[in-house]
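# Chains, contacts and geometry: an overview
One-letter residues, chain by chain:
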Amino acid sequence: MSASGGTKAIVAALGANLAIAASKFVAFAFSGSSSMLAEGVHSLADSGNQFLLLVGGKKAQREATPQHPFGYGRERFIYAFLVSIVLFSIGGMFAVYEGYEKIRHPHDLENWYWPVGVLVFAIVAEGFSFRTAIKESNELRGKLSWKEFIRRAKAPELPVVLLEDFGALIGLVLALGGVGLSLLTGDGVWDGIGTLCIGILLVLIALVLAAETKSLLLGEAAGIEDVKKIEAAIVDGDTVTRVIHMRTLHLGPEELLIAAKIAVQHDDTAAEIATAIDASEARIRAAVPIARVIYLEPDIYSEAEAAKGPDPSATPGGPNPQAAGH
């Protein structure tokens, strides 16, 4: 995801949420609606989340240092994970608590036109923000379904904004339903039920965000298409005859690390191998521009060794040979 595209969607969501949060708190002050209070806190939490995404994007642009030789690209993953925590704790759990209390101690709504008017305004504003996020995402989504896009996206900003805006629109409908039923029946319990539903919705969205950003934090490989491009770019059919094995890792949304053991001819000179490796690296960067760090290790391919399969003790996540005796 390009930084400009993500920033545009984030800024649109931030502006919409700040305006909506202010209007919801005003409506709560005049009506006493718990749905309005929960939705106000929700919009305030969303505004904080968009601010976190902007901070993460800024920090990720720092240059690499000796202490952090691969740069700070993962800052964007970290701040996206913080967003899920904020959405769960401040948005979701607060709404669940407020809904539970309102169900236990319901009271009639006052000045009903305030919450209804604000909810209609909020739906329009959130719809504008959601439309912007969809437009930015469609430029990158290609033929992927929305579910696949959210699961496979390496840049966390657009999936976060999409899920937040989608959840906000559903929450507004729930709030409008709770307020409307309270007005029709004269029973404030419906306002509490709407608030409780909003809280459950936010908790579920926060859990989805946490799962996806956790995967990014652990380190995800390049996409299948990029892996195929890299493998094809490495082999020249002359000096480099095949890829023995390869690992890829996203250091950030637009930074890819590639480490591969490549097969070379047994009678090639060191100079010929070095030239072939340099050429392979150039082809890789041309095929996949986000390939920033490339390590290619030359070796002689052996069918007998290949038949043995990978060495579990040399594989990340495999058994630790030093702990074998413990």
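Structure shown above.
Residues numbered from 1 in each chain as written. Predicted model: local features only at pLDDT ≥ 70, side-chain atom pairs only at ≥ 80, totals over all residues. Heavy atoms only, no water.

### Concerning the overall build of the protein
Selection rule: Helix and strand definitions here come from DSSP, where helices need a minimum of 4 consecutive H or I residues and strands a minimum of 2 consecutive E residues; each element is numbered from the N-terminal end. Atoms counted for the radius of gyration: C-alpha only. Globule rule: 2.2 Å times the number of residues to the power 0.38. We call a residue buried when its accessible area falls under 20% of the maximum for its residue type, exposed when it is over 50%, and partly exposed in between, using a 1.4 Å probe and counting protein chains only. Note on contacts: a residue pair qualifies if any of its non-hydrogen atoms lie within 4.5 Å across the two residues. Computed with a 1.4 Å probe, the accessible areas rest on the Shrake-Rupley method; for each residue, only the protein chains presented here act as cover. We count Lys and Arg on the positive side and Asp and Glu on the negative side, and we leave His and both chain ends out. In plain terms, the charge of a residue is placed at NZ if it is Lys, CZ if Arg, CG if Asp and CD if Glu.
Scanning the protein for helices and strands turns up 10 helices and 3 strands. For the protein, the N- to C-terminal ordering of α and β elements is α-α-α-α-α-α-α-α-β-β-α-β-α. A globule of 326 residues ought to have a C-alpha radius of gyration of about 20 Å, yet the protein, at 26 Å, is considerably larger. Each principal axis of the C-alpha atoms in the protein carries an extent, and together these give about 90 × 50 × 35 Å. Put simply, the protein has 326 residues, and 43% of those count as buried. Taking all contacts inside the protein whose residues are at least 6 apart in sequence as the whole, residues at least 24 apart take part in 74%. Surface exposure of the protein reaches about 16500 Å², of which carbon and sulfur atoms provide 63%. In the protein, 27 positive and 36 negative side-chain charges are present, and the distance between their average locations comes to 2 Å.

### Some remarks on the environment of V86
Along the polypeptide, V86 turns up in helix 3 (residues 75-104). In sequence terms V86 and A38 are 48 residues apart; their C-alpha atoms lie 14 Å from each other. Those residues in contact with V86 that lie beyond four places of it in its chain are A45, N49, L52 and G91.

### Some remarks on the sheet that holds strand 2 (residues 255-264)
Put simply, the test is: Strand pairing follows a simple DSSP-based rule, namely that at least 2 bridges must link the two strands. Angles shown run from 0 to 180 degrees and are taken between the N-to-C directions of axes, each axis being a line fitted to C-alpha atoms and, for helices, limited to the stretch in contact.
The sheet built from 3 strands is open, its strands ordered 1-2-3 with mixed pairing. Each end of this open sheet is capped by a strand with a single partner; those strands are strand 1 (240-252) and strand 3 (291-299). The mean angle between the axes of side-by-side strands here comes to 15°, regardless of whether they run parallel or antiparallel. Here 10 bridges tie strand 1 to strand 2, and the two strands are oriented antiparallel to one another. Opposite M246, over in strand 2, you have A260 as the bridge partner. Here helix 9 (residues 270-287) sits on the sheet in contact with strand 1, strand 2 and strand 3, set at roughly 145° to strand 3.

### Brief notes about the packing of aromatic side chains
Formally: Any Phe, Tyr or Trp ring, taking Trp's six-membered ring, that has another such ring centre within 6.5 Å forms a pair; planes under 30 degrees apart are called stacked, those over 60 apart edge-to-face, and the others tilted.
The tally for this structure, following the rule as stated, stands at 3 aromatic pairs. Ring geometry for F130 against F166: centres 6.3 Å apart, planes inclined by 40°, an arrangement best described as tilted. Taken together, the residues F130 in helix 4 (residues 113-141) and F166 in helix 6 (residues 157-185) connect sequence positions 36 residues apart. Aromatic pair W146 and F149: ring centres 6.2 Å apart, planes at 85°, arrangement edge-to-face. Of this pair, W146 and F149 are both found in helix 5 (residues 146-152), 3 residues apart, which corresponds to roughly one turn of the helix.

### What about the nonpolar core?
We apply this condition: Buried Ala, Val, Leu, Ile, Met, Phe, Trp, Tyr and Cys residues form a nonpolar core when they are joined through side-chain atoms within 4.5 Å.
In terms of nonpolar packing, the biggest core is built from 42 residues, with L53 and L209 touching the most fellow members. In terms of residue count, helix 6 provides more of this core than any other element does, 9 residues in total. In contact with L209, not counting residues within four places along its chain, are V83, S84, L87, P159, V160 and L163. Membership of the second largest hydrophobic core comes to 19 residues, among which are I230, A233, V288 and L296.

### With respect to the pairing of strand 3
Condition: The handedness rule is simple: strands pointing away from the viewer, and a clockwise path from the first strand over the helix to the second, make the crossover right-handed.
Bridge count between strand 2 and strand 3: 8 bridges; the pairing is parallel. Its bridge partner lying in strand 3, A259 is registered against Y295. Where the polypeptide runs from strand 2 across helix 9 and back to strand 3, its parallel neighbour, the crossover connection is right-handed.

### Digging into a nonpolar patch on the surface
Note the cut-off: Nonpolar side chains (Val, Leu, Ile, Met, Phe, Trp, Tyr) within 5 Å and like charges within 9 Å form the patches, drawn only from residues with over 30% relative accessible area and no salt bridge. In the sections that follow, a salt bridge refers to a side-chain nitrogen of Lys or Arg positioned within 4 Å of a carboxyl oxygen of Asp or Glu.
A cluster of nonpolar side chains, namely V26, F30, W112, Y113, W114 and L183, defines an oily patch on the protein surface of about 560 Å² accessible area. Contributions of two or more residues to the nonpolar patch are made by helix 1 (3-31) and helix 4.

### Regarding helix 8 (residues 224-234)
In plain terms, the rule: Working note: the arc is built from the helix axis to C-beta atom directions.
The set of residues buried in helix 8 consists of I230, A233 and I234. The buried residues of helix 8 occupy an angular sector of 100° when the element is viewed end-on, so they sit on one face. Projecting away from the buried face of helix 8 at angles above 90 degrees are the exposed residues I224, E225, K228 and A232. Elements in contact with the buried residues of helix 8: strand 1, strand 2, helix 9 and strand 3.

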